[in-house]
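Coordinate inspection notes
Okay, here's what each chain looks like letter by letter:
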Amino acid sequence: MSVFARVALAPSDPILGVTDAWRADPRPTKVNLGVGVYYDEQGRLTLLEAVKRAEDVLVAKHHTRGYIPIDGRPDYIRATQHLIFGKDSTLLAENRVVTAQTLGGTGALRTGADFLHSVLPDATVAISRPSWPNHQVLFAAAGFSIVDYPYYDPSTHGVDFAAMTSALAALPPRTVVIVHACCHNPTGADLSPDQWRELAVLLRERELIPFVDMAYQGFDRGISEDAMGIQILLDAGIGTVVIANSYSKSFGLYGERIGALSIVCADAEEAARVRSQVKQTIRATYSNPPTHGAALVATVLEDPELRALWESELATMRDRIKTVRQGLVDRLAVKGRPDFSFVSQQAGMFSYSGLSKAQVARLREEFAIYAVDSGRICVAALNQANLDHVADAIIQVVT
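No experiment lies behind these values; they were computed from the predicted model shown. (Residues numbered from 1 in each chain as written. Predicted model: local features only at pLDDT ≥ 70, side-chain atom pairs only at ≥ 80, totals over all residues. Heavy atoms only, no water.)

**Looking at the overall build of the protein**
A count of helices and strands for the protein gives 16 helices and 13 strands. Expected size for 399 residues packed as a compact globule is a radius of gyration near 21 Å; at 21 Å, the protein falls within 12% of this value. If you line up the protein on its principal axes, its C-alpha atoms span 60 × 60 × 55 Å. When burial is assessed residue by residue, the protein has 55% of its 399 residues classed as buried. Summarising the internal contacts of the protein: among those between residues at least 6 apart in sequence, 76% fall at separations of at least 24. The positive charge centre, built from 38 side chains, and the negative charge centre, built from 44, are 4 Å apart in the protein. (Helix = DSSP H or I, 4+ residues; strand = E, 2+ residues; numbered from the N terminus. Rg over C-alpha atoms; globule rule 2.2 N^0.38 Å. Buried < 20%, exposed > 50% of the residue type's maximum accessible area, 1.4 Å probe, protein only. Contact = heavy atoms within 4.5 Å. Lys, Arg positive; Asp, Glu negative; His and termini not counted. Charge placed at Lys NZ, Arg CZ, Asp CG, Glu CD.)

As structure tokens, then:
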């Protein structure tokens, strides 16, 4: 008998499986609202002009492909820290922040999870209900016990903040709490500044450890504005804050797997010890990060002209998402469904549409429109060519 004879068949990924089904569909009107990537108005993945120019710079330099440090390129680390904390951050001046280049935002989460589990082997991780499905997978694989906390209120299509804070207040000290910095995935419902401030006080008083997932910086209000929650946590005096960020969406570098893990420590001496252990964690998993994507990001962020161009292109993506959000709301209202107005109040690439699993199945089977069973849709996949088709199909399945 083969040693693998009893290996169970793992379920398909709930999001990537949608894309596989969409690809296999021969219907010309098919629309993929499941995958979490940004498409332009023509339905294409975007290659940013700032990235193209940075690539030209790198090609002209004929740079080699040797190993880079375990924790990544120094210029990439510096640029990432400035983007998250601000160039004039006191934390950075005091050398209190450990930042490591990782294999995308997913790699940042897993590296952070492995490190935290080595320090807090008996801790629990609390994840919002709902959240990105891979959060559960990543932290469970690192060895953590998982609990969830209420987050989304279907009746208001917003955050159930009272239930959220009540649940968090009951958690034991040193519980790791996963929070989304902005553009909550999958709901699109974010905390207000006042709610962030109240949350920060609660986390500090209960000695809970915030682990902030920031995969969509710049896709709601702006670069610094979307990192507001992190700054509020720091201003509240929370000594330990862990942050995973990603450049997949904001730079269109999905396949390059470019992210970073940042850990705010009590002082420079503690940071030196934490850095050594994070590097050990990385060494034991993938040894060194890749070169090219990090070089592209660092080149753009550290060149004033390319940085300005990137910020302009990011603003264009952000504004287009808001336009198609409103476009879907307007079309549904004209067709007699004004109760979808909440979609325009949500932030980022996703919306919890309120569609049931059965309604999502009808969208797929009858109209070749693919979404996740939870009803989450990627509004960035909408455009002027498919908005009417999507709106008409939604009307059909909800009436």
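Here the narrative resumes, following the displayed structure.
**Quick look at the pattern of salt bridges**
Overall, the coordinates contain 21 salt bridges when judged by the stated rule. Measuring nitrogen to oxygen at the nearest pair gives 3.5 Å for the salt bridge that ties Glu-49 to Lys-52. Placement of the pair is Glu-49 and Lys-52 together in helix 2 (residues 49–61), with a separation of 3 residues, close to one helical turn. A salt bridge links Arg-96 to Glu-94, with the shortest nitrogen-to-oxygen separation between them at 3.7 Å. Residues joined by salt bridges that share partners form a network here, namely Glu-49, Lys-52, Arg-53 and Glu-305. (Salt bridge = Lys/Arg side-chain N within 4 Å of Asp/Glu carboxyl O.)

**Looking at unusual backbone geometry**
With an omega of 5°, the peptide bond between Arg-129 and Pro-130 qualifies as cis. With an omega of 25°, the peptide bond between Asn-185 and Pro-186 qualifies as cis. Note that Pro-186 resides in the loop between strand 7 (176–180) and helix 8 (193–206). Here His-157, not a glycine, exhibits a phi torsion of approximately 60°, which is positive.

**Observations regarding the packing of helix 13 (residues 292–302) against helix 14 (residues 304–334)**
Any two packed helices are characterised by how steeply their axes cross, that is the angle between the axes, and by the distance between the axes. Closest axis-to-axis distance for the helix 13/helix 14 pair is 5 Å, and the angle between their directions is 100°. With respect to helix 14, the axis of helix 13 lies roughly perpendicular. Of helix 14, the residues touching helix 13 (which contributes Thr-299, Val-300, Leu-301 and Glu-302) are Pro-304, Leu-306, Arg-307 and Trp-310. Taken together, the residues of the contact of helix 13 with helix 14 sort by class into 5 nonpolar, 1 polar and 2 charged. (Axes fitted to C-alpha atoms, helices over the stretch in contact; angles between N-to-C directions. Parallel < 35°, antiparallel > 145°, perpendicular 65-115°, else oblique. Nonpolar A, V, L, I, M, F, W, Y, C, P; charged D, E, K, R; others polar.)

**Re the nonpolar core**
As a rule of thumb, nonpolar side chains are buried together in soluble globular proteins. In terms of nonpolar packing, the biggest core is built from 66 residues, with Phe-219, Phe-251, Trp-310, Leu-328 and Met-349 touching the most fellow members. Only helix 2, helix 3 (74–85), strand 10 (258–264), helix 13, helix 14, helix 15 (357–367), strand 13 (376–378) and helix 16 (387–398) provide two or more residues apiece to this core. In terms of residue count, the dominant contributor to this core is helix 14 (9 residues). Here Phe-219 is in contact with Tyr-38, Cys-183, Asp-226, Lys-249, Ser-250, Leu-314, Met-317, Arg-318, Ile-321, Gly-348 and Met-349, once residues within four sequence places are set aside. (Core = buried A, V, L, I, M, F, W, Y, C linked by side-chain atoms within 4.5 Å.)

**Some words on the sheet that holds strand 3 (residues 124–129)**
Read across the sheet, 7 strands follow the order 2-10-9-8-7-3-4 without closing on themselves; strand pairing throughout is mixed. The open sheet has two edge strands, strand 2 (97–103) and strand 4 (145–150), and neither has a second partner. Taken over all neighbouring pairs, the strand axes of this sheet differ in orientation by 25° on average, direction set aside. Bridge count between strand 9 (residues 241–246) and strand 10: 6 bridges; the pairing is antiparallel. Among the inter-strand pairings, Ile-243 is bridged to a residue of strand 10, identified as Ser-262. Helix-sheet contacts for helix 7 (residues 161–169) involve strand 4 and strand 7, and the interaxial angle to strand 4 is about 145°. (Pairing = 2+ DSSP bridges.)

**Structural notes on the pairing of strand 8 (residues 209–214)**
The buried fraction of strand 8 is high, at 6 of 6 residues. Here strand 8 shows no split at all, with Ile-209, Phe-211 and Asp-213 on one side and Pro-210, Val-212 and Met-214 on the other all buried. Bridge analysis of strand 7 against strand 8 gives 5 bridges, and the strand direction is parallel. The residue of strand 8 that forms the bridge with Val-177 is Pro-210. With helix 8 bridging strand 7 and the parallel strand 8, this β-α-β connection has right-handed handedness. Alignment of strand 8 against strand 9, held across 4 bridges, turns out to be parallel. Bridge pairing links Met-214 to Asn-245 in strand 9. (Right-handed = clockwise from strand over helix to strand, strands pointing away.)

**So, the environment of Thr-124**
Examined against the element boundaries, Thr-124 turns out to sit in strand 3. Along the chain, Thr-124 and Phe-139 lie 15 residues apart, while their C-alpha atoms are 9.5 Å from each other. Once residues within four sequence positions are removed from consideration, Thr-124 is found in contact with Ser-145, Ile-146, Val-147, Thr-175 and Val-176.

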